[in-house]
Amino acid sequence: MRGGGVYIVGTGPGDPDLLTVKALRLLQKAEVVVFDRLVSPEILDLVPTGTTRIYAGKGPKHHHMQQAQINELLASLVHRGCTVVRVKGGDPYIFGRGSEETEYLARHNIPFEVVPGITAASGSSAYAGIPLTHRGLATSVRYLTGHLRDGLELDHDWQSLTDLNTTLVIYMGLTNFEHIASELITHGLDSGMPAAAIQNATTFRQRRVLGTLSNLAVRVREAGLSAPVIFIVGRVVSLANVLHWFRTDVAIAQEGQAVADAE
Ligand code: SAH
């Protein structure tokens with residue numbers, strides 16, 4: 001982009017091998033990289049040491065930088081003639097607030113491009129052995145947020161989420177999963193419906209906890225999972241042990257411990 005502009009770049013769920021060729025090229029040639037909390041350290045390692053890096057992360061409780069400040073930061077960098085690479089975990093347009101940034105840029109006539117990334121749903125699905133659709137088990141998928149801004153109550157149309165043929169993928173659901181599961185059960189989903197939680201999907205820190213709608217929240221708590229965690233609910237989760245191929249050292253140690261405990 002001549003004269004400055006912003007690339008809004010999705011970097012995928014964590015494994016640097018899942019970057020797109022375009023994302024990698026932009027990271028390596030950037031003048032300034034503005035990054036989020038969810039961008040993995042392995043991906044930031046690909047940014048050359050001389051490149052200016054600005055952290056604009058937002059934690060679940062603690063907002064390091066407000067969205068308006070981030071928008072203004074991007075604009076001021078471009079006004080100084082910089083080409084900015086704004087990197088985000090996963091895909092910028094799936095719960096990534098990428099469109100709030102591009103909306104601001106568009107309204108201020110600042111040139112931008114959007115580079116899609118592999119969203120956490122796809123990354124965790126592949127690396128946890130859980131297909132999001134499967135003939136006979138799921139004919140559709142829904143991505144939901146498990147968290148609303150400013151502590152507002154989740155107001156999903158729960159009834160519409162209880163279709164047996166639909167896989168549910170819940171982003172940002174760690175705090176509210178127990179509540180979400182109980183709403184789904186109240187509205188008719190079987191409490192024995194297979195469900196999974198995946199932490200740090202696609203990285204060597206990946207952990208996977210399997211259960212059912214009724215017991216997964218407790219299992220996740222017992223396992224001490226911490227953000228980022230994504231939940232998958234639906235009949236497809238029943239394939240998780242058959243299709244499991246990605247084993248991290250942590251998972252192998254835990255499985256070994258579980259076997260030892262059972263003996
Ligand atoms: N734009 C991102 C999502 C941002 S919302 C994307 O497309 O993936 C943040 C939520 O994404 C987290 O709370 C978690 O639910 C999910 N998430 C992102 N990366 C993840 C990962 N590596 N493992 C598990 N969940 C992840």
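Residues numbered from 1 in each chain as written. Predicted model: local features only at pLDDT ≥ 70, side-chain atom pairs only at ≥ 80, totals over all residues. Heavy atoms only, no water.

A. Focus on helix 7 (residues 216-223). Listing the buried residues of helix 7 in full gives Leu216, Ala217 and Val220. Burial along helix 7 is one-sided: seen end-on, the buried residues are contained in an arc of 100 degrees. Within helix 7, the exposed residues directed more than 90 degrees away from the buried face are Arg221 and Glu222. Of the surrounding secondary structure, the elements contacted by the buried residues of helix 7 are helix 6 (177-186), strand 8 (194-199), strand 9 (207-212) and strand 10 (229-233). Looking one or two residues past helix 7, glycine 224 carries a phi angle of roughly 70 degrees, positive in sign. (Buried < 20%, exposed > 50% of the residue type's maximum accessible area, 1.4 Å probe, protein only. Helix = DSSP H or I, 4+ residues; strand = E, 2+ residues; numbered from the N terminus. Arc of directions from axis to C-beta. Contact = heavy atoms within 4.5 Å.)

B. Main features of the nonpolar core. Phe177, Leu184, Leu213, Leu216, Phe231 and Val233 are the most contacted members of the largest nonpolar core, which totals 23 residues. Secondary-structure elements contributing two or more residues to this core are strand 7 (166-171), helix 6, strand 8, helix 7 and strand 10. Of the residues forming this core, the biggest block, four residues, is contributed by helix 6. In this structure leucine 184 touches Trp158, Leu161, Thr162, Leu168, Leu189 and Leu213, once residues within four positions along its chain are discounted. (Core = buried A, V, L, I, M, F, W, Y, C linked by side-chain atoms within 4.5 Å.)

C. Looking closely at the pattern of salt bridges. All told, the structure shown has nine salt bridges when counted by the stated rule. Here arginine 86 ties to aspartate 36 by a salt bridge, and the two come within 2.9 Å at their closest N and O atoms. Placement of arginine 86 in strand 4 (residues 83-88) and of aspartate 36 in the loop between strand 2 (32-35) and helix 2 (41-44) is noted, with a sequence separation of 50 residues between them. The pair formed by arginine 86 and aspartate 36 is uniform in burial state, with each residue classed as buried. Salt bridges linked by common partners bring Asp36, Arg86, Lys88 and Glu101 together as one network. (Salt bridge = Lys/Arg side-chain N within 4 Å of Asp/Glu carboxyl O.)

D. The arrangement of the sheet that holds strand 10 in detail. Read from one edge of the open sheet, five strands run 6-7-10-8-9, paired in mixed fashion. Strand pairing shows two members of the sheet lacking a second neighbour, strand 6 (140-145) and strand 9, which therefore form its edges. The sheet shows a mean angle of 20 degrees between the axes of neighbouring strands, direction not considered. Two elements, strand 8 and strand 9, share six bridges in a ladder whose sense is antiparallel. Bridge pairing in strand 9 links proline 194 to threonine 212. Seen against the sheet, helix 5 (residues 120-128) touches strand 6, strand 7, strand 8, strand 9 and strand 10 and runs at an angle of roughly 70 degrees to strand 10. (Pairing = 2+ DSSP bridges. Axes fitted to C-alpha atoms, helices over the stretch in contact; angles between N-to-C directions.)

E. Main features of the site of the ligand. By nearness alone, 18 residues border the ligand, and Ile94, Thr119, Ala120, Ala201 and Val229 come closest of all. In this structure, threonine 119 approaches the ligand through a side-chain N or O atom, which is 2.6 Å from an oxygen atom. For the shell around the ligand, the per-class residue count stands at 12 nonpolar, five polar and one charged. When we break the shell around the ligand down by domain, the ones giving at least three residues each are domain 1 (5-118) and domain 2 (121-243). (Near = heavy atom within 4 Å. Polar contact = N/O pair within 3.5 Å; in protein donor to acceptor, adjacent residues only side chain to side chain. Nonpolar A, V, L, I, M, F, W, Y, C, P; charged D, E, K, R; others polar. Domains from an automatic or database assignment.)

F. Molecular detail of the packing of aromatic side chains. Applying the stated criterion to the full structure yields seven aromatic pairs. Ring plane angle 55 degrees and centroid distance 5.4 Å describe the contact between phenylalanine 35 and tyrosine 55, whose orientation is recorded as tilted. Residue phenylalanine 35 is found in strand 2, and its partner tyrosine 55 is found in strand 3 (residues 52-55); the two are separated by 20 residues along the sequence. For tyrosine 55, a relative accessible area of 32% corresponds to the partly exposed category. A cation over an aromatic ring shows up here: arginine 205 above the ring of phenylalanine 204, its NZ or CZ 5.1 Å from the ring centre. (Phe/Tyr/Trp six-rings, centres within 6.5 Å; stacked < 30°, edge-to-face > 60°. Lys NZ or Arg CZ within 6 Å of the ring centre and 35° of its normal.)

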